[in-house]
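Structural overview for review
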Amino acid sequence: MTTHETLEAKVDQLFTEWNKPDSPGAAIAVTRDGEVIYTQGYGTANLEYDIPITPATIFDIASVSKQFATFAIATLAHDGKLSLDDDIRMHLPDVPDFGSTITIRHLLHHTSGLRDWVQSLVIAGVAMEDVISFKHILKMARHQKALNFEPGAAYLYSNTGYNLLAEIVERVTDNSFREWTDTNIFKPLAMTNSHFHDDHQMILKNRAYSYQAVENGGFKHAVNNTTALGSSSLYSTVEDLAKWILNFDDTQIGEQTVIDQMHQRGVLNNGEQISYALGLSIGEYRGLKTVGHSGSWRGFRSHLIRFPERKFGVVILCNLDTFNPLRLTEKIADLYLADILAPIEASEPEKAAVSTEDTKSEPLTPEQLTEFIGNYYTEELDTTYTIAVSENELVAQHIRHDDILLTYAGNHFIGNTWFFPEIHFTRDDTGNVIGFRLTGGRVRNLHFEKKTR
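Just so we're clear, the structure is a prediction, and the values are computed from it rather than from any experiment.

Criteria and cut-off values
Residues numbered from 1 in each chain as written. Predicted model: local features only at pLDDT ≥ 70, side-chain atom pairs only at ≥ 80, totals over all residues. Heavy atoms only, no water. Helix = DSSP H or I, 4+ residues; strand = E, 2+ residues; numbered from the N terminus. Rg over C-alpha atoms; globule rule 2.2 N^0.38 Å. Buried < 20%, exposed > 50% of the residue type's maximum accessible area, 1.4 Å probe, protein only. Contact = heavy atoms within 4.5 Å. Lys, Arg positive; Asp, Glu negative; His and termini not counted. Charge placed at Lys NZ, Arg CZ, Asp CG, Glu CD. Phe/Tyr/Trp six-rings, centres within 6.5 Å; stacked < 30°, edge-to-face > 60°. Core = buried A, V, L, I, M, F, W, Y, C linked by side-chain atoms within 4.5 Å. Salt bridge = Lys/Arg side-chain N within 4 Å of Asp/Glu carboxyl O. pLDDT = per-residue confidence, 0-100. Pairing = 2+ DSSP bridges. Expected span 1.5 Å × (residues − 1).

1. Here's the deal with the overall build of the protein chain
In terms of regular secondary structure, the protein chain is built from 11 helices and 21 strands. Computed over the C-alpha atoms, the radius of gyration of the protein chain is 24 Å, within 12% of the 22 Å expected from 2.2 N^0.38 for a compact globule of 453 residues. In terms of overall dimensions, the protein chain has a C-alpha envelope of 80 × 55 × 45 Å along the principal axes. Within the span of the protein chain, comprising 453 residues, buried residues form 53% of the whole. Across the protein chain, the fraction of contacts at a sequence separation of at least 24, relative to all contacts at a separation of at least 6, is 61%. Placing the 39 positive and 60 negative side-chain charges of the protein chain at their respective mean positions leaves the two points 2 Å apart.

2. Considerations on the packing of aromatic side chains
One pass over the structure, following the stated rule, counts 28 aromatic pairs. Residues Phe312 and Tyr336 carry aromatic rings whose centres are separated by 5.7 Å and whose planes lie at 40 degrees to one another, so their mutual orientation is tilted. On the criterion of sequence distance, the pair formed by Phe312 in strand S13 (residues 312-318) and Tyr336 in helix H10 (residues 325-336) is long-range, its members being 24 residues apart. Taking relative accessible area as the criterion, Phe312 reaches 1% and is therefore assigned buried. Residues Phe436 and Phe448 carry aromatic rings whose centres are separated by 4.6 Å and whose planes lie at 20 degrees to one another, so their mutual orientation is stacked. Taken together, the positions of Phe436 in strand S20 (residues 433-440) and Phe448 in strand S21 (residues 443-450) put the pair 12 residues apart, joining distant regions of the chain.

3. Overview of the nonpolar core
Ranked by internal contacts, the top residues of the largest apolar core, which has 69 residues, are Phe68, Ile73, Ile104, Leu164, Ile185 and Trp244. With 35 residues, the next largest nonpolar core counts Leu394, Leu406, Ile423 and Val433 among its residues.

4. Notes on the pattern of salt bridges
Taken as a whole and assessed by the stated rule, the structure comprises 14 salt bridges. Here Arg400 ties to Asp130 by a salt bridge, and the two come within 2.8 Å at their closest N and O atoms. Taken together, the residues span a long stretch of sequence, with Arg400 in the loop between strand S16 (393-398) and strand S17 (401-408) and Asp130 in the loop between helix H4 (117-123) and helix H5 (134-142) at a distance of 270 residues. Under the relative-accessibility criterion, Arg400 is labelled partly exposed at 47%. Note that Glu330 and Arg327 form a salt bridge whose closest N and O atoms lie 3.3 Å from each other. Linking Glu330 with Arg327, this pair stays in helix H10, spanning 3 residues, or about one helical turn. With a relative accessible area of 17%, Glu330 lands in the buried category. Taking relative accessible area as the criterion, Arg327 reaches 33% and is therefore assigned partly exposed.

5. A closer look at the confidence of the model for the protein chain
Taken over all residues, the pLDDT of the protein chain has a mean of 95, while the share at 70 or more is 95%. Taken together, the stretch residues 353-359 has pLDDT below 50 and engages in 0 contacts with residues farther than four places along the chain or on a different chain.

6. Focus: the pairing of S20
Summarising burial for S20: 6 of the 8 residues are buried, a large majority. Bridge count between strand S19 (residues 422-427) and S20: 6 bridges; the pairing is antiparallel. Bridged to Phe425 within S20 is Phe436. Taking the residues that link successive antiparallel strands as the turn, the S19-S20 hairpin has 5 residues, and the phi of Gly431 there is positive, at about 95 degrees. With 5 bridges connecting them, S20 and S21 associate as antiparallel partners. Within S21, the residue paired with Gly435 across the bridge is Glu449. Hairpin connection, S20 to S21: the antiparallel pair is bridged by 2 residues, and Gly441 has positive phi, about 70 degrees.

7. Quick notes on H10
Count 3.6 residues to each turn of an α-helix, and residues three or four apart come out pointing the same way. Under the 1.5 Å per step criterion, the end-to-end length of H10 is 17 Å for 12 residues, consistent within 8% with the ideal 16 Å. Along H10, the positions that sit buried rather than exposed are Pro325, Leu328, Thr329, Glu330, Ile332, Ala333, Asp334 and Tyr336.

8. Topic: unusual backbone geometry
Phi is positive for His110, close to 60 degrees, though the residue is something other than glycine. Summarising the element assignment, His110 is placed in the loop between helix H3 (104-109) and H4. The class of His110 is buried, set by a relative accessible area of 1%. Positioned with a positive phi, Arg298 is a non-glycine residue whose angle comes to about 50 degrees. Since its relative accessible area comes to 15%, Arg298 is described here as buried.

Here it is in structure tokens:
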């Protein structure tokens, strides 16, 4: 057995847990020195029909899609069709004027302050298995009333910004985002199984279904009806994405200035440089520079990583929500770059947990909780939450969500769900409760007003 065959066998062993007909799985591609040196599929693309995953299986690659949106924008900038420092309202006049200029560069680096549509729409009552169209997302952006922060003041991941980038491409080129990327990226690179999915009802051969693990060891279908162009919704294969990886080292499409610009990290207003470039995260692994991005949507998990100094790359596409493709790409790098990577540092001993007993607030009495009772409406998302007392505890109720338990934490309440993390009640000059601000995650200070009967 040759060394190369031994490496491939070791890679295969990493996926043994999923490489069986009754489990979702993954596809991988490995590139080195301008060549694709290994591709493989593991597990099952469709559990109902026992269809195996191959390197030609098509996945929703989720946020790995973002680097294709940035390639489009950087190309249009190179061609003089726009500038990264343009006010986005030059191209999207229907986006609200927030009083501060948001530039295209802010969108690219996630420093715009725009609220992320994922959390926002869930707050509004949208379920992730609902039909979530590109138009739906743009409509939400047009109704945003305030920013999370001043543009450029902070880095906070915003899918919404990337959807606006796709819309800018459409406005500037008079082509649909799908048409532009087909013509300028996928066809020239012979990425014949790749496209931005702009129709959730489209029949697509060789598509992997997405799955979620359930408690009994089985799986359920994680329905995916989303067309979030720019931020996500690129359907592709590891074979196609290997061609994309190779284009960074030997450009078949795109000027070198475009490729270089995609790797330029963002800078905040205070001069701090962030690790996020243009749809790419710049990092380090065991002493080597890395360029990559992860993706996560419904049951799909993806990661694409490059080691540019070694012209080495790995892409993994998965169709199960419990996968950790980033860790698997690192393990594959451990095998192929074993003689180059720095030694693995011993992990630091875990620090003892800090007691929070002294910082806990005494719970409010049922009588004290009654002042918060009422219906609260946000115009931004056109949705209402009812704050009520149930079993001596405060809860937030919504027609499309289970009751959200609100735990008192001194001057605010903590919600027991990811999309409703923290609320601060607001009062008028006489001390009466008149609303609350929902904040946390990728939505900050979303205002709800208490309705008066």
